[in-house]
Amino acid sequence: MNQTAVRNQTTGVVASMTGYGNGQQEFIAGGHSGLASCEVRTVNSRFVDVQLRLADELRALEPALREAAGRHFARGKIECRLSWRSVRSTPAAVMLDEALLEQLLTAERRIRARLPDAAPLTVAEILRFHETATEQPAADGRTDLPVADPTSALQAALAPLIERVLGDCVAARRREGARLAEVIGHHLDAMQAVCDTLRPKIPLLLADAQERLSARLAEALPTEGVMVGRDETFARVRQEVALLSLRGDVAEELDRLQAHLAEARQVLAEGGAIGKRLDFLSQEMNREANTIASKAIAIAVTDAAVTLKLSIEQLREQVQNLE
């Protein structure tokens, strides 16, 4: 079984922070028909940042929307738009109550008699007042409005739409998260391959570096007119060669790097909100790659360090998109 198949079997549910969902719903609530539109966009953020854009008549739904977003998302900037268009179920023809209209005009004349500078009523204001005054009262005597407070029938009617759109956005984030997890797995494989290739070369590279250093030091030793004996001089040469071995041995760095790779695979297998954990691991991987580069004793080690740093940078770019 290839590495991709193994990775697909052992990767938990991983979500991206980028997602989108939208929807509309027609319904009847409180004796009125309406059309609600909901749109949710999510992008990267270090924390949960919920931003709501609601129509004025829907402001009362803000607490419920924030609570729903908090249940669905663990991290990211969440922008939710909710709009409402009221559609009355009664015929479009306007039926004026002549008696009510006469009362309204009489009241206006009385007011203007005492306040001559008052602005006259407009047709729109008369119609709006007429519409409000002729609302059918509910059983308990209250006026039944399409949007009043978050505990009304409107909130209950909009709840399925909100949950569906949030669920669609979560599904989109998980689909992208699965693709990102596969890309991250490939980067982990690439780094593992570099480690596997470099590790057996280290003893040979050290031996070759020691031989070159010994040869150069031996050539530099004067043969005459020195007060220090050759035995003592070559003892110092051997000491320098030993120090070279200590400075150039990157086995410990490779061990730690491979430990970080194994931990990253484990985190991917667990799934969930793993973005911050993987970001921390990528920083630790980069630290080991920098140390390997600083201890390079041959071009092969330098090339390996450059390849590691490139893969780590690409890994981190993808990790920062995860929830």
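Above this text you will find the structure in question.
Residues numbered from 1 in each chain as written. Predicted model: local features only at pLDDT ≥ 70, side-chain atom pairs only at ≥ 80, totals over all residues. Heavy atoms only, no water.

> How do you make sense of the environment of Glu62 when you look at a structure like this?
Relative to the elements of secondary structure, Glu62 occurs in helix H2 (residues 62–72). Residue classification places Glu62 among the partly exposed residues on the basis of a relative accessible area of 26%. With eleven residues separating them in the primary sequence, Glu62 and Gln51 have C-alpha atoms 10.0 Å apart. When sequence neighbours within four positions are dropped, the list of residues in contact with Glu62 reads Leu52 and Leu54. (Helix = DSSP H or I, 4+ residues; strand = E, 2+ residues; numbered from the N terminus. Buried < 20%, exposed > 50% of the residue type's maximum accessible area, 1.4 Å probe, protein only. Contact = heavy atoms within 4.5 Å.)

> What exactly am I supposed to notice about the environment of Asp255 here?
By secondary structure assignment, the location of Asp255 is in helix H8 (residues 251–270). Since its relative accessible area comes to 42%, Asp255 is described here as partly exposed. A distance of 2.9 Å separates a polar atom in the side chain of Asp255 from a polar atom in the side chain of Arg199. (Polar contact = N/O pair within 3.5 Å; in protein donor to acceptor, adjacent residues only side chain to side chain.)

> So what exactly am I meant to see when it comes to the side chain of Thr42 here?
Looking at the secondary structure, you find Thr42 in strand S2 (residues 32–43). A relative accessible area of 1% places Thr42 in the buried class. Among the polar contacts listed, one links the side chain of Thr42 to the backbone oxygen of Met17, at a separation of 3.1 Å. Aside from chain neighbours lying at most four places away, what touches Thr42 is Met17, Thr18, Gly19, Phe73, Lys77, Ile78, Cys169 and Arg173.

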